[in-house]
Amino acid sequence: MATTTKIRPRALIRASGGPRYAVALAVDALGTGLLRPFLLLYGVTVLRLSAPVTGIAMTVGVVVGLVCMPAVGRWLDRGARSTVVATSMLVRVLGVALLLATPAGHVWLFATAALFLGIGNQAWPAAHAALVATVAHSRERDAALAGGRALRNAGMGAGALLATACLAGGTTALQALAAVTGLAYLTAAALAWSVHLHVRPAATPAKDGDDGPAPRMRALLAANVVYAFCLNVPEIALPLILVTQLHASPVWSAAIFVANTVLVVILQVPVTVLMSRFSRRTVLALAGGVLTASYLGFLAATSLGPGWGAPAVAMVSVVCTIGEILYAGSATALVTALAPAHVLGRTVARFELSTGFGLAVSPAVITALAPHGSAALWGSLAAATLLSASAVATEKDQGTPLSGCRRRARADSQARQSPSGDGLK
């Protein structure tokens, strides 16, 4: 089994799509951090919409945005790579433009803007994963995907901090932040498009007997819906529990969120590289075990009540973040390794569809379980995650991973050697 034992920054940047693409990711993440955490606030303060109406419009935008994923997958399988990434950013430019043009009180225009933002946010992960899988191979791809996630978290964190400092300016500041976000998305789209990475569908071998069907991955996709809940634990579950049940200061929630972001930025690549000595499926199952342990830890921490409860929750949140890092470093990498080259786009699109669905339903599930007590919330999450980890561990992979790697390597080589200028530049 190929392993990655060293972190070489230059090689990591090349495997991630090159310097221009790395800059595009950073600019896009910075813009996202400026607006995305404050979109609800924009609807309430700038557009004078009620909080429930704003929340519903945002949720509808995210859910309807998932509908675009099958089309994104088919587009990727026709050979597009950097073009799809750039388009996902341009769609968000349109969303920001609509947001700025929406008069106060017009909920449908706000919902339409949220829809375009949702489409871009849903399409980007699949397009990015397909691009990295085309450029990088084997465990180098895992490190590149991890590096992209760390860079994105750093950019979003920096953007959120900058936006927080500007919020004292009121509605004018929020509108200015939205405008800067649109410019950031436009700049990132231009940089991503300039990479010019395209794979000719004809380069994907169809006559060698290697073009197997798309892997079903039923257990993996179902488990991923549950795994994705961990991404909303620091943002939704912990603030809710800390404030409503432990009566702790909101400072604890902010500190946990910041610590989560910093740990992901610092540890995502090293942990992914360290775990490359194990199979991706084993690491993903381990992630489920760590997340299960953290949920049980939250259950025990909340039983301490006000006083010691908040510090205990903060300590357990570190364990939850480690589980999140293991999950993020293995899940997408496993899917790209399982997918035959000619259906890579549809496969990663199906996987990101399950992730998006998990992220969409998790706030409703968490807020519905929390009023019934810590045992209902954390016990249910622990049981569901442990069952999901078991399903991941026992599911059998379709096809031969080695032949899949060889297929993609041949396709990638031909893509880069394309005389028509379609290769990576």
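Residues numbered from 1 in each chain as written. Predicted model: local features only at pLDDT ≥ 70, side-chain atom pairs only at ≥ 80, totals over all residues. Heavy atoms only, no water.

**Student:** I tried to follow the side chain of Arg 81 on my own but got confused; where do I start?
**Tutor:** Of note, Arg 81 is situated in the loop between helix 5 (69–77) and helix 6 (82–101). No salt bridge forms around the buried Arg 81; measuring N to O, its nearest opposite-charge neighbour Asp 77 is 5.7 Å away. A distance of 3.5 Å separates a polar atom in the side chain of Arg 81 from the backbone oxygen of Ala 130. The contact partners of Arg 81, leaving out residues within four places of it in the chain, are Leu 76, Ala 130, Leu 131, Thr 134, Leu 197, Val 199 and Leu 344. (Helix = DSSP H or I, 4+ residues; strand = E, 2+ residues; numbered from the N terminus. Buried < 20%, exposed > 50% of the residue type's maximum accessible area, 1.4 Å probe, protein only. Lys, Arg positive; Asp, Glu negative; His and termini not counted. Salt bridge = Lys/Arg side-chain N within 4 Å of Asp/Glu carboxyl O. Polar contact = N/O pair within 3.5 Å; in protein donor to acceptor, adjacent residues only side chain to side chain. Contact = heavy atoms within 4.5 Å.)

**Student:** Which parts of the structure should I look at to understand the nonpolar core?
**Tutor:** Across soluble globular proteins, nonpolar side chains have a tendency to be buried as a group. Counting 78 residues, the largest nonpolar core has Tyr 227, Tyr 295, Phe 298 and Trp 378 as the members making the most contacts within it. In terms of residue count, the dominant contributor to this core is helix 14 (residues 309–338) (13 residues). Among residues more than four places away in sequence, those in contact with Phe 298 are Val 233, Leu 238, Val 313, Val 316, Ser 317, Cys 320 and Trp 378. Leu 34, Leu 47, Ala 57 and Ala 111 belong to the second-largest nonpolar core, a separate cluster that totals 21 residues. (Core = buried A, V, L, I, M, F, W, Y, C linked by side-chain atoms within 4.5 Å.)

**Student:** Is there a simple way to think about the pattern of salt bridges in this case?
**Tutor:** Between side chains of opposite charge, a pair can form as their charged atoms come close. Following the criterion strictly, the structure yields 7 salt bridges and no others. Residues Arg 92 and Asp 28 are paired through a salt bridge, measuring 2.9 Å at the closest nitrogen-oxygen approach. Pair noted here: Arg 92 is in helix 6 and Asp 28 is in helix 2 (residues 19–35), with a separation of 64 residues, a long-range link. On the accessibility criterion, Arg 92 (0% relative accessible area) is buried. Between Arg 139 and Asp 142 there is a salt bridge, with its nearest N and O atoms 3.2 Å apart.

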